[in-house]
Structures are given as C-alpha cells and as structure tokens.
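Chain residues, written in single-letter form:
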Amino acid sequence: MKAGVISLGCSKNAVDTETMLGYLRAAGHAVVNDPAEAEILIVNTCGFILPAKEESIANILDMAQYKANGSCKLLVATGCLVQRYREQLAEELPEVDIFLGVREYERLPGLIASKLDLNAPQVCAPNRVLTTPPYRAYLRIGDGCNNRCAYCAIPLIRGDLRSVPMETLINETKQLANAGVTELTLIAQDTSGYGRDLYGEPRLVPLLRALDGIDALKWIRVLYTYPDTVSSELLDTLAGGTRLIPYLDMPLQHINDEVLADMRRRGRKADICRLLDKIYAEYPDFTLRTTMMVGFPGETEVQFAELLQFLRDYPFDRVGAFAFSPEEDTPAVVMPGHISEEIKQDRLHRLMIQQQGISQARNARRVGQETEMLVERVTDTHSIGRTPWHAPDVDGVLRVPRGNGHTSGQYLPVRVTEADIYNLEGIEMK
C-alpha cells in the first residue's frame, strides 16, 4: 500500500522516521510524499515542549481529514508524544487506528497488516530510508539520557542512555557512505557521554577515530556534547582528524552557578570558562555553538545580566535560545519563582538581539578565508550551500554566483567575500 509519514521534532526523531520507513518498505509498502495519495498516514510526533505537543496534535487532526474523506484507510500516531501520553491520546483521538511509542517501530508492519487484514510480513532489520538529501545523513549514536536536568522531559520519554555498539555504528556508516553519503552528523541526547553504559566510560573519541578512517566520507560533525565531558582528547581529535570538522556544539543552558544548580546541570561557571579559555587559546579555528535558556524559575535580572555579559566575554558563532517551558512531571514545574511569560519573552528578545551583533562579528572573521562549500541548492543566479562552519538544518548558508555544472552534493572551493548575521557570500575558486 502507499504510506506517507509526517516527521516532527528533532533530528533524532527524524532518524526514527527513517527507520520506520525502512520497515514499511521492507514489508512491501510504497512511500509517498503527498498525503492525498497515501492509504496509510503516519505522524511521528514530538513531545518535548508545549508548542511541539500542539503541533503534533494539529498534524494528527490534519491527517485525519484524509481518513474522513476516504483516501486514507489507516491513521497511525507514533513517537515521543505517544510514548508519554498514549492512554490520554487514545481517549481523545478516536480517529487514530494505531498508537506506537518509541523503540517499537519493528511492530508497525505487523500492526498495519492486522488492522487491514493483509498478509503478515516478515520482520527484518532494514536499511534506513533517508529523509535527508542523499549526500548527507544523521548517525544516532545513542538514545535516552542519564542527565536529569530539572526542566527536561526526555528521560521520562526515552529513558536512560542506551548507546549503540561501536561496531554497529561503523557498519551503518559504511552502508551510508557506500550509498553516497559524504556528510555525517553524529547525534544523541548526550553525544560526549556515548558508550558510558556499554563500556564503563565515554567512548566518543575512539568512535570518531574509527569513522574518520572511512574514505568515502568528506565531513563528520558532532552535535549535542555536554560541557563536563568535552575533554582535551576530544578537542584534539576534532581538530586533528582528516574528515572530522572542528565544530563544537556544547549546550550550556545558563552560566550563573545558582541557576545551573537549580537546573541540576553538572559543572559550574569556572569550569565552563576554563574550557572556553583553552579553546580560544589553543583551537581558535573552532566553530562554537551553544544553547541557552532564559526565564528558568527564580532567575533574577542580575543573573540574566550575568548571562548576557558571559556571551559578550565568551563569544559563540551560533547561539540557540529559548524561554523556559514548564513540562509536567519535571522537578522545575514545582519550583518557586516562576517568571511571567512577558518577562521571559523580553529576556529572550534581548539575548538574541545582542547575539546578532556577536554572530555578525564572528562571521566577519571568515571574510577572506578559503574553504569548501557543500552545494545544497542551485537557483538561476546562485549556488547555495554550507561550509564546515555550518551544521545542517540549524545554521546559515554561503552563497556564490552560479557556475557551470554546479549540482547538489558537490563540494566547491570558495573564498568568503561578505558576512552578515547568519549567512556568508563568496566566490568560487578556480
């Protein structure tokens, strides 16, 4: 039958979607992009914060319209929201025929066959069906998280860290590379904690060294490292690899010690500053990305001002920021000192306005530099892509005048000529 999937949320959820598509295709179903053509519609939900939950419900209701008009025979809801609220959703959304949580995707073909009275399929371990362009892919090296940050519902949804064995990851990467993937992005809830559950200690560095030896790859990037497990060995490895990109994504969330303690984050300001001092001194070419939260319960204006000053003193190329969102069953919900939405949004606005100037200054230092650009899109006038300084889906782009033969997935030698807040302009080097 024809199956369509709506994938919501983060890149880790996208990998779940790709795994699910692999099971569907192995069971003989065809994958279609247009919901109007699909006989089976699947919404892979996100349940991280309230806006994500609302988006998930809205998409389920949108897809239910195709079932109401008869074009869709089966509506399926999967993913994080279902994992967390399966019983409530089953009561409130009778339009949905199958609810499936995380780590249950191998059951999907059998459940579909049972509901639609089809022959029961053979369940195998299929290859993922990439939803990214064919030249790039995410590699999820673990699922779940051992950190218990006071605001985060991820452990409630996905449980403790479960690392993927290194041999499995190496084999998966070789399969992806053989299929044409040249850019690999490693993801997990906590990538620098990878392997602690399997090997008794973090093993991200040995994994990176093994992947760095796969010749068909061009770029390997790591996202979502935790500050207190970013070691000198990891920095040296990222800086010295053949295919590894010196790009450090290190979500900090805050810098004030009291706020960090209330958040139940490991590490304190002095530790973070010491690490960043080392990076600026010894690894000046690193691209730095972080995530910050404003408006956590009890955050004072003085503590917020300390965060702003820190970002001036320790500039990051990219900063993602969001206002605290109370998630039920997390410790932060019952903490005193909840802050009004108006104040949270004001702080978020002030932080991002400040960061725009910092990001532009960090981008400006790239003017005149030569690098490579991975072409992702070609228009009538320009080729648009990313450099090693730009992670997929979250960072800006570089544009160069269109040249003969430019195609998506191609790597071009370029020189940067202009910079703005998020994006760069350049020219192709001949």
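Residues numbered from 1 in each chain as written. Predicted model: local features only at pLDDT ≥ 70, side-chain atom pairs only at ≥ 80, totals over all residues. Heavy atoms only, no water.

Asks: Please clarify how the packing of aromatic side chains should be interpreted in this entry.
Replies: Within a pair of aromatic rings, the relevant descriptors are the distance that separates the centres and the angle that separates the planes. What the rule picks out here adds up to seven aromatic pairs. Considering the side-chain rings of F310 and F316, the 6.5 Å spacing of their centres and the 50 degrees angle between planes classify their relative orientation as tilted. The class of F310 is buried, set by a relative accessible area of 2%. Exposure remark for F316: the relative accessible area of 1% places this residue in the buried category. Aromatic ring contacts, followed pair by pair, group Y280, F310, Y314 and F316 into a single cluster. Just above the ring of Y411 sits the side chain of K218; from NZ or CZ to the centre is 5.4 Å. It is R221 that lies over the ring of Y247; its NZ or CZ is 5.1 Å from the centre. (Phe/Tyr/Trp six-rings, centres within 6.5 Å; stacked < 30°, edge-to-face > 60°. Buried < 20%, exposed > 50% of the residue type's maximum accessible area, 1.4 Å probe, protein only. Lys NZ or Arg CZ within 6 Å of the ring centre and 35° of its normal.)

Asks: Explain the nonpolar core here, please?
Replies: Grouped together as the largest cluster of nonpolar side chains are 54 residues, with contacts concentrated most on L186 and F310. Not counting residues within four places of it along the chain, the set of residues in contact with L186 comprises L139, I141, T191, L204, L207, L208, L211, I220, R221, V222 and L223. (Core = buried A, V, L, I, M, F, W, Y, C linked by side-chain atoms within 4.5 Å. Contact = heavy atoms within 4.5 Å.)

Asks: Explain the sheet that holds strand β16 (residues 398-401) to me, please; I cannot follow it from the model alone.
Replies: On the basis of which strands lie adjacent, the closed barrel formed by five strands has the order β14-β15-β16-β18-β17 and mixed pairing. When strand polarity is set aside, the average angle formed by the axes of neighbouring strands in this sheet is 50 degrees. Sheet analysis places strand β15 (residues 382-386) next to β16, joined by four bridges and oriented antiparallel. Considered in β16, the bridge of S383 is made with V400. (Pairing = 2+ DSSP bridges. Helix = DSSP H or I, 4+ residues; strand = E, 2+ residues; numbered from the N terminus. Axes fitted to C-alpha atoms, helices over the stretch in contact; angles between N-to-C directions.)

Asks: I would appreciate a short explanation of the sheet that holds strand β11 (residues 247-249) in the present structure.
Replies: Sheet strands pair by backbone hydrogen bonding; their relative direction is either parallel or antiparallel. Overall, parallel pairing links the three strands, which are arranged β11-β12-β13 in an open sheet. With partners counted over all chains shown, the strands left at the sheet margins are β11 and β13 (318-323), one partner each. Direction aside, neighbouring strands of the sheet carry axes that sit 10 degrees apart on average. Where β11 meets strand β12 (residues 287-294), three bridges bridge the pair, whose relative direction is parallel. Within β12, the residue paired with Y247 across the bridge is T287. Strands β12 and β13 of the sheet are contacted by helix α12 (residues 301-313), whose axis makes an angle of about 170 degrees with β12.

Asks: What is the right way to look at helix α6 (residues 166-178) in this model?
Replies: Helix length check: α6 (13 residues) gives 18 Å between terminal C-alpha atoms against 18 Å at 1.5 Å per residue, within 8%. Turning to α6, its buried residues are M166, L169, I170, E172, T173, L176 and A177. Seen along its axis, α6 keeps its buried residues to an arc of 165 degrees; they face one direction. Structural note: α6 exposes E167 and N178 on the side pointing more than 90 degrees away from its buried face. (Expected span 1.5 Å × (residues − 1). Arc of directions from axis to C-beta.)

Asks: Would you take a moment to explain the pattern of salt bridges for this structure?
Replies: Enumeration according to the criterion identifies 36 salt bridges in this entry. In this structure, R158 and D16 form a salt bridge, with 2.7 Å as the shortest nitrogen-oxygen distance. With R158 in helix α5 (residues 154-158) and D16 in helix α1 (residues 11-26), this residue pair connects regions lying 142 residues apart in the sequence. Considered together, R158 and D16 belong to a single accessibility category, that of buried residues. Note that E301 is salt-bridged to R347, the shortest N-O span being 3.5 Å. Taken together, the residues span a long stretch of sequence, with E301 in helix α12 and R347 in helix α13 (residues 341-364) at a distance of 46 residues. One salt-bridge network, in which partners are shared between bridges, spans R136, E183, R221, E376, R386 and D393. (Salt bridge = Lys/Arg side-chain N within 4 Å of Asp/Glu carboxyl O.)

Asks: Please explain unusual backbone geometry as it appears in this structure.
Replies: When glycine is set aside, most residues are seen to have a negative phi, and most peptide bonds are trans. Positive phi values are uncommon outside glycine, yet Q253 reaches one of about 75 degrees. By the secondary structure assignment, Q253 is in the loop between β11 and α10 (257-263). Assessed through its relative accessible area of 8%, Q253 is described here as buried. We note that D329 has phi near 75 degrees; this positive angle belongs to a residue other than glycine.

Asks: Please explain the packing of helix α2 (residues 50-68) against helix α3 (residues 80-92) as it appears in this structure.
Replies: If you want to describe how two helices pack, look at the angle between their axes and the distance between the axes. Packing of α2 against α3 brings their axes to within 12 Å, and their N-to-C directions diverge by 60 degrees. Our classification of the angle between α2 and α3 gives oblique. By crossing handedness, the relation of α2 to α3 is classed as right-handed. Here K53, S56 and I57 of α2 come into contact with α3, specifically with L81, R84, Y85 and L89. A class-by-class count of the residues in the contact of α2 with α3 yields four nonpolar, one polar and two charged. (Parallel < 35°, antiparallel > 145°, perpendicular 65-115°, else oblique. Left-handed = near helix turned anticlockwise from the far one by under 90°. Nonpolar A, V, L, I, M, F, W, Y, C, P; charged D, E, K, R; others polar.)

Asks: Teacher, can you tell me more about the environment of Y85 here?
Replies: For Y85, the position within the fold is in helix α3. Residue class for Y85 comes out buried when judged on its relative accessible area of 12%. Placed 56 residues apart in sequence, Y85 and I141 show a C-alpha to C-alpha distance of 26 Å. Other than its neighbours up to four places away in sequence, Y85 contacts K53 and E328. Of the polar contacts made by the side chain of Y85, one reaches the side chain of R84; its length is 3.4 Å. (Polar contact = N/O pair within 3.5 Å; in protein donor to acceptor, adjacent residues only side chain to side chain.)

Asks: Explain the environment of R136 to me, please; I cannot follow it from the model alone.
Replies: Note that R136 resides in strand β6 (residues 136-140). For R136, a relative accessible area of 9% corresponds to the buried category. Excluding residues within four positions of it along the chain, R136 makes contact with L130, V181, E183, E376, R386, P392 and D393. Here the side chain of R136 touches D393 through a polar contact of 3.2 Å, side chain to side chain.

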